[in-house]
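# Coordinate analysis (summary)
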Amino acid sequence: MKTPKYLVPDLFMADPSAHVFNGRLYIYPSHDVDAGIPENDNGDHFDMRDYHVYSTDDIENGTLVDHGVVLDVKSIPWSGRQLWDSDVAYQDGKYYLYFSLKDRNDVFHLGVAVSENPEGPFTALDNPMKGSYSIDPCVFKDKDGANYIYFGGLWGGQLQRYRDNKAIECGQEPTDNEPALCPKVARLDTSMIEFAGEPRDLVILDEQGQPLKAGDHDRRFFEASWMHYYNGKYYFSYSTGNTHYLCYAMGDSPYGPFTYKGVILTPVVGWTTHHSICEFKGKWYLFHHDSVPSGGRTWLRSMKVVELDYNEDGTIQTIEGK
Ligand code: FUB
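Notes on the structure follow. (Residues numbered from 1 in each chain as written. Predicted model: local features only at pLDDT ≥ 70, side-chain atom pairs only at ≥ 80, totals over all residues. Heavy atoms only, no water.)

## Focus: the pattern of salt bridges
As enumerated under the stated definition, the model contains 17 salt bridges in all. Ionic pairing is found between Asp34 and Arg297, a salt bridge with its closest N-O pair at 3.3 Å. One end of the pair, Asp34, is in the loop between strand 3 (24-31) and strand 4 (50-56); the other, Arg297, is in the loop between strand 22 (283-290) and strand 23 (302-307), and 263 residues separate them in sequence. Here Arg297 falls in the partly exposed class, since its relative accessible area comes to 33%. Within the structure, one salt-bridge network assembled from shared partners comprises Lys2, Glu60, Lys283, Glu307 and Asp309. (Salt bridge = Lys/Arg side-chain N within 4 Å of Asp/Glu carboxyl O. Helix = DSSP H or I, 4+ residues; strand = E, 2+ residues; numbered from the N terminus. Buried < 20%, exposed > 50% of the residue type's maximum accessible area, 1.4 Å probe, protein only.)

## Re the sheet that holds strand 9 (residues 123-124)
Strands sit in the order 6-7-8-9 across an open sheet of 4 strands; the sheet is antiparallel. Lying at the two open borders of the sheet, with one neighbouring strand each, are strand 6 (86-91) and strand 9. Here strand 8 (residues 108-115) pairs with strand 9 via 2 bridges, running antiparallel. Bridged to Ala113 within strand 9 is Ala124. (Pairing = 2+ DSSP bridges.)

## Considering unusual backbone geometry
The residue after Gly120, namely Pro121, is reached through a cis peptide bond having omega 0°. With respect to the element layout, Pro121 can be found in the loop between strand 8 and strand 9. The omega angle of the peptide bond from Gly256 to Pro257 is 5°, so this bond is cis rather than trans. For Pro257, the position within the fold is in the loop between strand 19 (246-251) and strand 20 (258-265). For Asp92, which is not a glycine, the phi torsion comes out positive at approximately 50°.

## Observations regarding the packing of aromatic side chains
Tallied over the full model, the rule gives 27 aromatic pairs. Relative to Tyr235, the ring of Tyr230 lies with its centre 6.1 Å away and its plane at 75°, an arrangement referred to as edge-to-face. Each member of the pair Tyr230 and Tyr235 is classed as buried. Members of the aromatic cluster, joined through ring pairs, are Tyr150, Phe221, Phe236, Tyr238 and Phe258. Its end group placed over the ring of Tyr255, Arg200 keeps NZ or CZ at 3.6 Å from the ring centre. (Phe/Tyr/Trp six-rings, centres within 6.5 Å; stacked < 30°, edge-to-face > 60°. Lys NZ or Arg CZ within 6 Å of the ring centre and 35° of its normal.)

## Overview of the site of the ligand
With respect to spatial proximity, the complete set of residues near the ligand consists of Asp15, Met48, Trp84, Asp85, Ile135, Asp136, Glu223, Thr272, His274, His289 and Arg301. A distance of 2.5 Å separates an oxygen atom of the ligand from a polar side-chain atom of Asp15. One nitrogen or oxygen atom from the side chain of Asp136 is found 2.5 Å from an oxygen atom belonging to the ligand. Of the residues belonging to the shell around the ligand, the class tally is 3 nonpolar, 3 polar and 5 charged. (Near = heavy atom within 4 Å. Polar contact = N/O pair within 3.5 Å; in protein donor to acceptor, adjacent residues only side chain to side chain. Nonpolar A, V, L, I, M, F, W, Y, C, P; charged D, E, K, R; others polar.)

Right under this line is the structure:
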């Protein structure tokens, strides 16, 4: 499948996180709504209220099953507003849905909801993950079975309000010549609902081995973390936010450091770009979204899929977003 294909253009599903469970492909998107909220840098126009789950046994030509609403914001005990990006992991007979949500003080945290089935429904825990902040969780299971959670997002995602995992008085991005703010990574403990230790910075280096600078807007991390493993290497991929690229960096450990390698997807129609990368039936796919079906309304996005190609040296071939 070399041409990107929309998955459910009539319903606005964004931020797709794809995984294979029991030989079937599952997609966990955000569910965009037209809340009538004007667009701003805080992302208030992304006022999502529930999640659906999709699954298929043939992503190229098969039917995509909509498993319906699997978690509603009203059923989350600590909810304020805005159910943003999520991801799902499996461990010991249970499926854990990690999600981004603001509490009643308008502070983003990561929440967890649990199910016995990959298609849900999911039941949310009473409280957010202890010590969690910001948005866009992604969970990666390493070869040894350990699970790692990656998270963070700038601007509306509130990452600039923290340093060393603590809230600061005046949340600001570093100046252009300082190192960029890093995405966070923590190993999950065996309960799957807590960090095993303090989240660490996931450092992205340039070709000289120096951390990317905050002013390097075409390459520095903004949001939408994803981790995958291919041919002996760890790939951390992410969005550059205000410059709208999906980029990637390669490393030798789930903690990094990672070295910036290039662009996976050039800017799409719509402000945000977001993705996941998943192998299914021997092919690698990029799941992403754009705002073409909604006529360019940035807050009404539609998920897409396209095959991903690697070069012999392990680098990824760039896909055109428009
Ligand atoms: O869907 C809301 C936010 O937009 C996500 O959490 C970000 O990654 C961006 O896609």
